[in-house]
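In case you want the letters, here they are:
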Protein chains: 2
Amino acid sequence: MPEYKAPIREIQFVMNEVLESEKHYANLPGCEDATPDMISAIIEEGAKFSERVLSPLNQIGDQEGCQFNDGEVTTPTGFKEAYQQYVEGGWPSLAHDPAHGGQGLPESIGTVISEMVGTANWSWGMYPGLSHGAMNTLQEHGTDEQKEIYLTKLVSGEWTGTMCLTEPHCGTDLGLLRTKAEPQADGSYKVSGTKIFISAGEHDMADNIIHIVLARLPDAPAGTKGISLFIVPKFMPENGAVGSRNGVACGSLEHKMGIHGNSTCVMNFDGATGYLIGPANKGLNCMFTFMNTARLGTALQGLAHAEWGFQNSLPYAKDRLQMRSLTGKKNPEGAADPIIVHPAVRNMLLTQKAFAEGGRGLIYFCAQLVDKTKLADTKEKAEADALLAFLTPIAKAFLTEVGFESANHGVQVYGGHGFIAEWGMEQNVRDARISMLYEGTTQIQALDLLGRKVLMTQGDSLKGFTKMIHIFCKENADNDAMKPFIEPLVALNKEWGELTMVIGAKAMQDREEVGAAAVDYLMYSGYVTLAYFWARMAHKAQEVLDQGTDEENFYKAKLTTARFYFARLLPRTRSHAEIMKSGAESLMEMDEEHFIF
Amino acid sequence: MPEYKAPIREIQFVMNEVLESEKHYANLPGCEDATPDMISAIIEEGAKFSERVLSPLNQIGDQEGCQFNDGEVTTPTGFKEAYQQYVEGGWPSLAHDPAHGGQGLPESIGTVISEMVGTANWSWGMYPGLSHGAMNTLQEHGTDEQKEIYLTKLVSGEWTGTMCLTEPHCGTDLGLLRTKAEPQADGSYKVSGTKIFISAGEHDMADNIIHIVLARLPDAPAGTKGISLFIVPKFMPENGAVGSRNGVACGSLEHKMGIHGNSTCVMNFDGATGYLIGPANKGLNCMFTFMNTARLGTALQGLAHAEWGFQNSLPYAKDRLQMRSLTGKKNPEGAADPIIVHPAVRNMLLTQKAFAEGGRGLIYFCAQLVDKTKLADTKEKAEADALLAFLTPIAKAFLTEVGFESANHGVQVYGGHGFIAEWGMEQNVRDARISMLYEGTTQIQALDLLGRKVLMTQGDSLKGFTKMIHIFCKENADNDAMKPFIEPLVALNKEWGELTMVIGAKAMQDREEVGAAAVDYLMYSGYVTLAYFWARMAHKAQEVLDQGTDEENFYKAKLTTARFYFARLLPRTRSHAEIMKSGAESLMEMDEEHFIF
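In this text the structure is predicted, and so the values were computed from the model without any measurement.

Attention now goes to the pattern of salt bridges. Inspection of every chain in the model, using the stated rule, returns 60 salt bridges over all chains. In this structure, Glu-51 of chain B and Lys-5 of chain B form a salt bridge, with 3.8 Å as the shortest nitrogen-oxygen distance. Taken together, the residues Glu-51 of chain B in helix α3 (residues 36-54) and Lys-5 of chain B in the segment before α1 (8-18) connect sequence positions 46 residues apart. For the salt bridge of Asp-460 of chain B with Lys-463 of chain B, the shortest nitrogen-to-oxygen distance reads 3.9 Å. Of the two residues, Asp-460 of chain B and Lys-463 of chain B both sit in helix α14 (residues 460-475), three residues apart, roughly one turn of that helix. Three or more residues are tied together by salt bridges with common partners; here these are Glu-10, Lys-353, Glu-357 and Lys-558 of chain A.

Residue and element names in this part refer to chain B. Structurally, the position occupied by His-342 is in the loop between α9 (283-319) and α10 (343-375). Relative accessible area serves as the criterion here: at 16%, His-342 is assigned to the buried category. Remark: the alpha-carbon pair of His-342 and Arg-324, spanning 18 residues in sequence, is separated by 8.3 Å. If we ignore the near neighbours within four places in the chain, the residues touching His-342 are Gln-322, Met-323, Arg-324 and Ser-325.

Okay, the interface of chain A and chain B next. On the side of chain B, 96 residues touch chain A, which itself brings 96 residues to the contact. Of the roughly 8700 Å² buried where chain A meets chain B, counting both sides, 64% is carbon and sulfur surface. Remark: the boundary between chain A and chain B carries four salt bridges. Note that Arg-563 of chain A and Glu-589 of chain B form a salt bridge whose closest N and O atoms lie 2.9 Å from each other. Its residues assigned to classes, the side of chain A that touches chain B shows 46 nonpolar, 28 polar and 22 charged.

Further remarks concern the state of the cysteines. What we call a disulfide is simply a covalent bond connecting the sulfur atoms of a pair of cysteines. Residue and element names in this part refer to chain A. Inspection of every chain in the model, using the stated rule, returns zero disulfides over all chains. With no disulfide partner, Cys-286 has as its closest neighbouring cysteine sulfur the one in Cys-164, 16 Å distant. Take Cys-286: its relative accessible area is 4%, and that puts it in the buried class.

Here we come to the relation of the copies chain A and chain B. Overlay of chain A on chain B (RMSD 0.0 Å): rotation 180 degrees, translation along the axis 0.0 Å. Such a combination of rotation and displacement between the chain copies is what one expects of a two-fold axis. An overlap of 100% is found between the interface residues of chain A and their copies at the interface of chain B, pointing to a shared contact surface.

What follows covers the packing of aromatic side chains. Residue and element names in this part refer to chain B. Applying the stated criterion to the full structure yields 53 aromatic pairs over all chains. Relative to Tyr-86, the ring of Phe-49 lies with its centre 5.8 Å away and its plane at 35 degrees, an arrangement referred to as tilted. One end of the pair, Phe-49, is in helix α3; the other, Tyr-86, is in helix α5 (residues 79-88), with 37 residues separating them in the sequence. Tyr-86 carries the same exposure label as Phe-49, and that label is buried. Centroid distance Phe-79 to Tyr-127: 6.4 Å. Interplanar angle 90 degrees. Geometry classified as edge-to-face. In this pair, Phe-79 sits in helix α5 while Tyr-127 sits in helix α7 (residues 122-141), placing the two residues 48 residues apart along the sequence. Residue classification places Phe-79 among the buried positions, given a relative accessible area of 0%. On the basis of relative accessible area, Tyr-127 is assigned to the buried category, the value being 0%. Across from the ring centre of Phe-235, 5.4 Å away, lies the NZ or CZ of Arg-245, which sits over that ring.

We now examine the packing of helix α1 (residues 8-18) of chain A against helix α3 (residues 36-54) of chain A. Any two packed helices are characterised by the angle at which their axes cross and by the distance between the axes. All names here are of chain A. Where α1 contacts α3, the axes come no closer than 11 Å and their chain directions differ by 145 degrees. Judged by the twist between their axes, the crossing of α1 over α3 is right-handed. Of the residues in α3, those in contact with Ile-8, Ile-11, Gln-12 and Met-15 of α1 are Ile-39, Ser-40, Ile-43, Glu-44 and Ala-47. A breakdown of the residues in the contact of α1 with α3 according to their chemical character gives six nonpolar, two polar and one charged.

On to the pairing of strand β4 (residues 180-183) of chain A, then. All names here are of chain A. Where β4 and strand β5 (residues 189-199) come together, four bridges link them in antiparallel fashion. Among the inter-strand pairings, Lys-180 is bridged to a residue of β5, identified as Ser-192. In sequence, β4 turns back onto β5 through a hairpin of five residues, with Gly-187 there showing a positive phi of about 90 degrees.

Here the focus is the UniProt feature "domain: Acetyl-CoA dehydrogenase-like C-terminal" (unreviewed entry) in chain A. Sites flagged by UniProt as "domain: Acetyl-CoA dehydrogenase-like C-terminal" (unreviewed entry) map to residues 465-591 of chain A. Strand forms 0% of residues 465-591 of chain A and helix 83%; the C-alpha atoms that close the span are 39 Å apart.

A word on the environment of Lys-195 of chain B. Residues and elements named next belong to chain B. Of note, Lys-195 is situated in strand β5 (residues 189-199). The exposure class assigned to Lys-195 is buried, which follows from its relative accessible area of 0%. Those residues within four positions of Lys-195 in sequence are excluded, and the remaining contacts are Cys-164, Leu-165, Thr-166, Glu-167, Leu-177, Thr-179, Val-213, Leu-214, Cys-265, Val-266, Met-267 and Phe-269. Among the polar contacts listed, one links the side chain of Lys-195 to the backbone oxygen of Leu-214, at a separation of 2.8 Å.

Residue and element names in this part refer to chain A. Note that Asp-371 resides in helix α10 (residues 343-375). Here Asp-371 sits buried without a salt bridge, and the closest side chain of opposite charge, Lys-374, lies 7.0 Å off (N-O distance). Other than its neighbours up to four places away in sequence, Asp-371 contacts His-24, Tyr-25, Leu-28, Pro-106, Glu-107, Ser-108 and Ala-376.

Under the present numbering, the feature "domain: Acyl-CoA dehydrogenase/oxidase C-terminal" (unreviewed entry) in UniProt falls on residues 281-448 of chain A. Overall, residues 281-448 of chain A shows 73% helix and 0% strand. The separation of its end C-alpha atoms is 22 Å.

The parts lose accessible area when they come together, and the size of an interface is often stated as this lost area. Residues and elements named next belong to chain A. Annotation of chain A at the domain level lists domain 1 (287-448) and domain 2 (457-589). Its C-alpha centre places domain 1 at a distance of 18 Å from the equivalent point of domain 2. The partner domain 2 presents 28 residues to the 27 residues of domain 1 that form the contact. Summed over both sides, the interface between domain 1 and domain 2 buries roughly 2200 Å², with carbon and sulfur atoms accounting for 81% of that surface. For the pair domain 1 and domain 2, the number of links is two salt bridges. For Arg-572, the salt bridge goes to Glu-405, with nearest N and O atoms at 2.8 Å. The interface formed by domain 1 and domain 2 holds four residue pairs in polar contact (both at pLDDT 80 or more) in total. The element contributing the most residues to the side of domain 1 that touches domain 2 is α10, with twelve residues. When the residues that make up the side of domain 1 that touches domain 2 are grouped by side-chain class, the tally is 16 nonpolar, seven polar and four charged.

All names here are of chain B. The element strand β7 (residues 228-233) is largely enclosed, with a buried count of six among its six residues. Covered by surrounding structure in β7 are Ser-228, Phe-230 and Val-232 together with Leu-229, Ile-231 and Pro-233, the residues of both alternating faces. Relative to β7, strand β6 (residues 208-215) runs antiparallel, the two being bridged by six bridges. Paired with Ile-212 across the bridge in β7 is Ile-231. Looking at chain direction, β7 and strand β11 (residues 264-277) are connected through three bridges and run antiparallel. From the neighbouring strand, Phe-230 faces β11, where its bridge partner is Leu-276.

Time to look at unusual backbone geometry. Even without being glycine, Glu-439 of chain A reaches a positive phi, approximately 60 degrees. What makes Glu-439 of chain A partly exposed here is its relative accessible area of 27%. With a phi close to 65 degrees, Met-323 of chain B is a non-glycine residue in the positive phi region. Relative to the elements of secondary structure, Met-323 of chain B occurs in the loop between α9 and α10. Residue Met-323 of chain B is classed as partly exposed on the basis of its relative accessible area of 33%.

The next point concerns the environment of Pro-56 of chain A. Residues and elements named next belong to chain A. By secondary structure assignment, the location of Pro-56 is in the loop between α3 and α4 (58-64). When the C-alpha atoms of Pro-56 and Met-1 are compared, they prove to be 9.1 Å apart, with 55 residues separating the residues in sequence. Filtering out sequence-adjacent residues up to four positions away, Pro-56 remains in contact with Met-1 and Glu-51.

The rules behind these values
- Residues numbered from 1 in each chain as written.
- Chains lettered and ligands numbered in written order.
- Predicted model: local features only at pLDDT ≥ 70, side-chain atom pairs only at ≥ 80, totals over all residues.
- Heavy atoms only, no water.
- Salt bridge = Lys/Arg side-chain N within 4 Å of Asp/Glu carboxyl O.
- Helix = DSSP H or I, 4+ residues; strand = E, 2+ residues; numbered from the N terminus.
- Buried < 20%, exposed > 50% of the residue type's maximum accessible area, 1.4 Å probe, protein only.
- Contact = heavy atoms within 4.5 Å.
- Buried area = accessible area lost by both parts, 1.4 Å probe.
- Nonpolar A, V, L, I, M, F, W, Y, C, P; charged D, E, K, R; others polar.
- Disulfide = S-S within 2.5 Å.
- Least-squares fit on C-alpha atoms with pLDDT ≥ 70 in both.
- Phe/Tyr/Trp six-rings, centres within 6.5 Å; stacked < 30°, edge-to-face > 60°.
- Lys NZ or Arg CZ within 6 Å of the ring centre and 35° of its normal.
- Axes fitted to C-alpha atoms, helices over the stretch in contact; angles between N-to-C directions.
- Left-handed = near helix turned anticlockwise from the far one by under 90°.
- Pairing = 2+ DSSP bridges.
- UniProt positions renumbered as here; feature names shortened; annotations may be inferred.
- Polar contact = N/O pair within 3.5 Å; in protein donor to acceptor, adjacent residues only side chain to side chain.
- Lys, Arg positive; Asp, Glu negative; His and termini not counted.
- Domains from an automatic or database assignment.

Laid out in structure tokens, this is it:
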């Protein structure tokens, strides 16, 4: 039976030691309550809830899935009760505005809780995850009245939320969407259309579901500039309770590869009453708030599946006896050696570990940037905004790609048993697979990074980050212990800029060069970015070891893992660099009609 | 609804044009019947059967799975009837000995049929696939009487076969197996023990099932040198029919990630009557015959999922309208451009295509080697044996790894829809996942390649292949059109040898270096091997184009795909070379107890 143990020591290391959260919160107005003791207590409670309540439901959720009967959705056994406990524990309100019942804690603390919840049970975590997206949208764009009616109920967790974007004929290309909103005399709208892939669109966990829906006004311009945002409740609110049923219903559930515990709904809006949120025709702009949060949330999924895969591969690799070590018996009393003695098995375990821990560094860093975009002064906010815009597609696409890889290593460590459902390793792969698709595919993130973020800013957004790396490398130039990390990092940081120039120059001649290079550029960027965080973690570990510590093994393992990352994962940049330089021609020259005969 | 169309033109190109099958068969004694016309007719019939009978059952097999009731297994709707048609068509007998009812055609023709059957419906294809393994084992090691009783029934398809190797505590490490065989006064044995992961172990398709079982005699030495091979029928044969039930039964079916249509059984042997096949205690040696065939059969699975993924991604990429090309509207009348205009989508399609077609080159080449190992004269046979031994782990591990990658590209091309069951793309991923596990994991193939095949022969087996590449490159040294392929191939062929020397030297100091380098060595070898086959295909295409042809587009597409392979897939060797040079230290230095805290 697979298990999840919240990696509290790892979380503390990244949050408190590497990213100095105490200093971070002390410098941010409104974070005065986020004292180290309080954060510790919250994380411990979140860990208990994730380990004891959510983790045991993960496999049940996969096996039972959600059931659809006559428009009603029943979630798997225990999901509803877990949600009740979640609400009673006050978790939905953690990082939300006290004016609407929130606890006002910074987003970065919510990220830690989301990590634990999501790693224990990603399918379950999506229900509050979607609410969180809806809450952020209401917080940012809702009127006071809308906040009073809807946001408070979402913050308390009594109601949940969704985000209704995709339609059958449009996912990435939201400019094509057709759902209509007809204005009514009372200022409301009648919303009609079909939305698909609506996570948590219908379920039995809460009294009401608040849909945030993208739709077009009758006179809206075509394309992305004619999209508006609407609040469409499942039940009409009535004095803080639920009133009559609105004209929105779940038409069916999708049969999916994974995340079976989450209800993925076709939602039919049939003249449903809705309310405009934000300015007319600016819905897509309003959605960017949500999308960036959602992308970081999906980046977490990469970390989650790598961490879960690692945690559940390791005990098997220590227990399973098979073959002898190539250098002689390591377990002479046993019939064979545990497979962890084999280099190829260690390679898979260390890959999972290095991606999980490195990914945590990247994501927590981004979460601190989110805090700053909300709370810091103008200059710092602007810097954080730019850096976050640059790092978000990297975090989303790179971490989900390597998260999926790591989940697959989990299956591989188990050999044939990895393919069998009871061990849980194959579920981890199936659940992970969606992460490279939703909230913008890897290919879309890559275009966003290279096209919109890097080339459209003439490389400024890249420079914002490479400058940070440069400063870090300079500070450690004379640190002999750091040499194995600093030298390659300096070289890659330089190459990153050069490659960008090369592609930028080509793109001036032919815009296809952007699309041709983008995915390899993104993966390259991901490996270098994680190398920076691994170097920072190695630096911190070395510092603590130099000062003396009674946790020597913990910090030494950080250095060992960093060395592994630099020796065996970072060289993947070599292929990505080569491929992105190869240009667009080999992709574009094949005539559409000649792919197959 | 996904579809399969047998790629007959592609099959002909590799078989007849690149690998010159007519010459191949003409030179082999016993292949006189394999005339081009006859082969064509067989392939066309096999294509029809695969497209019309098997392909429509592929999704049904996944959805229904096999049902287990009281020891009986019911296969999915239509599977049994399809098997009946297969038997009536005489397919089981194709490549088997006329002395036992076979058609005596060479193995390489059977490979083409297996490709089509397996691509249309891998789960279904495993039933005859396992029979084929059992037949080869009986043919090679059975007595005349055993052949008469069992082989003829398997060749006719009336009965099917299995291979019973794995036990709960041992997969890779067969030396640990515990199943016992007690000799009886009548010369038979009583076989007792539990076998797991037995594909086609129990089903409703045939009257009898012949299990080939690995077990230990009472006085057998421990480890791999004490394993013998037994025939254990489900029903005792009686005058060419089935008699009483033997003491072997299916205990349960595994719940698996994929290949749901195939019954993966726990088989309990409880004093079942069995007959020794081959010499006592030499069972593992006898199994090598089967294992090599099985590994090539699994290599086919890599090709199958790449080909299927490609065939079913392409129409979607042409139909699905989403976003505009970066270089302006390509479909101005439509609401958006088909996604095939985007370089990243083309990259995925061409990757699938290049792996499928390159993989076909490698596998068909291996199949010709199999023919030679069976039919050629001593010297040619020995060469073919050595080359086949070298190429088998590459074909098995490399092609299944890139087959899985290609299946995943299929999901990715579909975006969110790829995650939904009805499109079939996610099934392709789930079915593909087993291929890197069974018949020896990628990690085991890698050790086999680098340790047993390359280093234990002092590099001789590698040289046998690099010499072929060298000769090909030399022959084309003055061919300007071939320059873009020959130049990189020459360089890689040289580097391959150099890397082998470097690792070999390190391995003299520390044997962990073998395990540490093996997987990257194998993947590197795979990319270079496929580059050789792509160069040969390009060469043939160029030759035909130079001579003039009315299929200009077909041959030009070969050159385009070859250029794509060299530009965007072959550079992956850069990372593998770098990583394998990084050595064992970064893998071995982490103490087992310090992986997690």
